[in-house]
Amino acid sequence: MHITGGCHCGAIRYQAEIDPERVSICHCIDCQRLTGSAYRITAPARPGRFTLTSGEPRGYAKYGDSGGLSRQFFCPNCGSPLYRTDGAGGGFGIRVGSIDQRQELVPKKQIWCRSALPGVENIETLPRFEGED
């Protein structure tokens, strides 16, 4: 699937080819901190299938819960998380919230569930509103 995306302020844009069957939710503590939320959703892109079309993200490297090196990239203007790489050329983990076609992407699995926050597994019973209540 061809996707496009970018940061909240529009300074950074990208395009990529992804497999929508590999979209996943991660509940690890690093992803909770990186997103400021309960989990993050990622669409992987293989090496050579991701291209920046405008702007230059900032990045930093950190060892994750798995013990592997993780390079995180974000917009230096607005701070939007955009993608990660593993530092070993294994591809890109694109943050679904930054993808223009995110409505078409449904997660197919969850990982690091032992770190999942209470109450995020089943939200169907919570009241729903079309806008802010």
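Note that the structure is predicted; figures quoted are calculated from it, not measured.

A count of helices and strands for the protein chain gives one helix and ten strands. Along the protein chain, helices (α) and strands (β) appear in the sequence β-β-β-α-β-β-β-β-β-β-β when read from the amino end. In terms of overall dimensions, the protein chain is globule-like: its C-alpha atoms have a radius of gyration of 15 Å, near the 14 Å expected for 133 residues. Dimensions of the protein chain along its principal axes, counting C-alpha atoms only, are 40 × 35 × 30 Å. For the protein chain, the proportion of its 133 residues judged to be buried stands at 32%. Long-range pairs, those at least 24 residues apart, make up 58% of the contacts in the protein chain with a sequence separation of at least 6. For the protein chain, the accessible surface area stands at approximately 8,400 Å², while carbon and sulfur atoms represent 47% of it. Between the averaged position of the 16 positive side-chain charges in the protein chain and that of its 14 negative side-chain charges there is a distance of 8 Å.

Another aspect to go through is the layout of surface pockets. Roughly 730 Å³ of volume is contained in the largest pocket. Every residue lining the largest pocket is counted, 36 residues in all, and those nearest its centre are Arg-40, Ser-70, Arg-84, Arg-95 and Ile-111. Class assignment of the residues belonging to the lining of the largest pocket gives a composition of 13 nonpolar, eleven polar and twelve charged. The computed volume of the second largest pocket comes to approximately 270 Å³. Here the lining of the second largest pocket is composed, by residue class, of four nonpolar, four polar and two charged.

One pair of aromatic rings is described through two measures. These are the centre distance and the angle between the planes. One pass over the structure, following the stated rule, counts six aromatic pairs. A centroid spacing of 4.7 Å and a plane angle of 50° characterise the contact between Phe-50 and Tyr-83, whose relative ring orientation is tilted. Of this pair, Phe-50 sits in strand β5 (residues 50-54) while Tyr-83 is found in strand β8 (residues 81-85), placing the two residues 33 residues apart along the sequence. Judged by relative accessible area, which is 5%, Tyr-83 ranks as buried. Judged by centre distance (6.3 Å) and plane angle (55°), the rings of Tyr-60 and Phe-74 are tilted.

What follows concerns the sheet that holds strand β2 (residues 13-17). With antiparallel pairing, three strands are arranged side by side in an open sheet as β1-β2-β5. The strands lining the two open edges of the sheet, one partner per strand, are β1 (2-6) and β5. On average, each strand axis in the sheet is inclined to that of its neighbour by 25°, with strand direction left out of account. Sheet topology places β2 next to β5; four bridges connect them, and they run antiparallel. For Arg-13, the partnering residue across the bridge sits in β5 and is Ser-54.

Within the structure shown, the criterion is met by two salt bridges. Salt-bridge contacts for Asp-100 lead to Arg-13; the nearest nitrogen and oxygen are separated by 2.6 Å. Placement of the pair is Asp-100 in the loop between β9 (92-95) and β10 (109-111) and Arg-13 in strand β2, with a sequence separation of 87 residues. Judged by relative accessible area, Arg-13 falls into the partly exposed class, the value being 30%. When the shortest N-O distance is used, the salt bridge between Lys-62 and Asp-30 registers 3.2 Å. Placement of Lys-62 in strand β6 (residues 58-63) and of Asp-30 in helix α1 (residues 29-35) is noted, with a sequence separation of 32 residues between them. Accessibility expressed as a relative area gives 40% for Lys-62, which makes it partly exposed.

This brings us to the UniProt feature "domain: CENP-V/GFA" (unreviewed entry) in the protein chain. Feature annotation in UniProt places "domain: CENP-V/GFA" (unreviewed entry) on residues 3-109, given in this structure's numbering. With 7% helix and 42% strand, the stretch residues 3-109 has end C-alpha atoms that lie 20 Å from each other.

What counts as what
- Counting from 1, residues in each chain are numbered in the order their sequence is written.
- Given that the model is predicted, a residue must reach a pLDDT of at least 70 before its local features are reported, and side-chain atom pairs must reach 80 or more before they are shown or counted; all residues, however, enter totals for whole chains, interfaces and linings.
- Here the side-chain values reflect all heavy atoms present in the structure, with hydrogen atoms and water set aside.
- Strands are runs of DSSP state E lasting at least 2 residues, helices are runs of H or I lasting at least 4, and numbering of each runs from the N terminus.
- Only the C-alpha atoms count toward the radius of gyration. The rule for a globule is 2.2 Å times the residue count to the power 0.38.
- Burial classes follow relative accessibility: with a 1.4 Å probe on protein chains only, a residue under 20% of its type's maximum area counts as buried, one over 50% as exposed, and anything between as partly exposed.
- Any pair of residues with heavy atoms lying within 4.5 Å of one another is described as a contacting pair.
- Note that accessible areas follow from Shrake-Rupley with a 1.4 Å probe, and for residues the cover is restricted to the protein chains shown.
- Neither His nor the chain ends is counted toward charge; the positive residues are Lys and Arg and the negative residues Asp and Glu.
- Here the site of a charge means NZ on Lys, CZ on Arg, CG on Asp, or CD on Glu.
- Definitions used for this entry: grid spacing 1 Å over protein atoms alone; cavity, a set of points where a 1.4 Å probe fits but cannot get out; pocket, an open set with protein on both sides within 12 Å along at least 5 of 7 lines; lining residue, one with an atom within 4 Å of a point.
- Grid points are joined across faces, edges and corners, and a volume is the space filled by probe spheres set on the points.
- Here the term charged refers only to Asp, Glu, Lys and Arg, the term nonpolar to Ala, Val, Leu, Ile, Met, Phe, Trp, Tyr, Cys and Pro, and the term polar to all other amino acids, Gly among them.
- Any pair of Phe, Tyr and Trp rings, taking the six-membered ring for Trp, is counted once the centres come within 6.5 Å. Such a pair is stacked with planes under 30 degrees apart, edge-to-face with planes over 60 apart, and tilted for the rest.
- DSSP-based pairing: two strands are paired if at least 2 bridges between them are found.
- For helices, the axis comes from a line fit to the C-alpha atoms of the stretch in contact; other axes are also lines fit to C-alpha atoms, and the angle between any two N-to-C directions lies between 0 and 180 degrees.
- Each salt bridge in this description consists of a side-chain nitrogen of Lys or Arg and a carboxyl oxygen of Asp or Glu lying within 4 Å of one another.
- UniProt positions are given in the numbering used here, feature names are shortened, and annotations may be inferred rather than shown by experiment.

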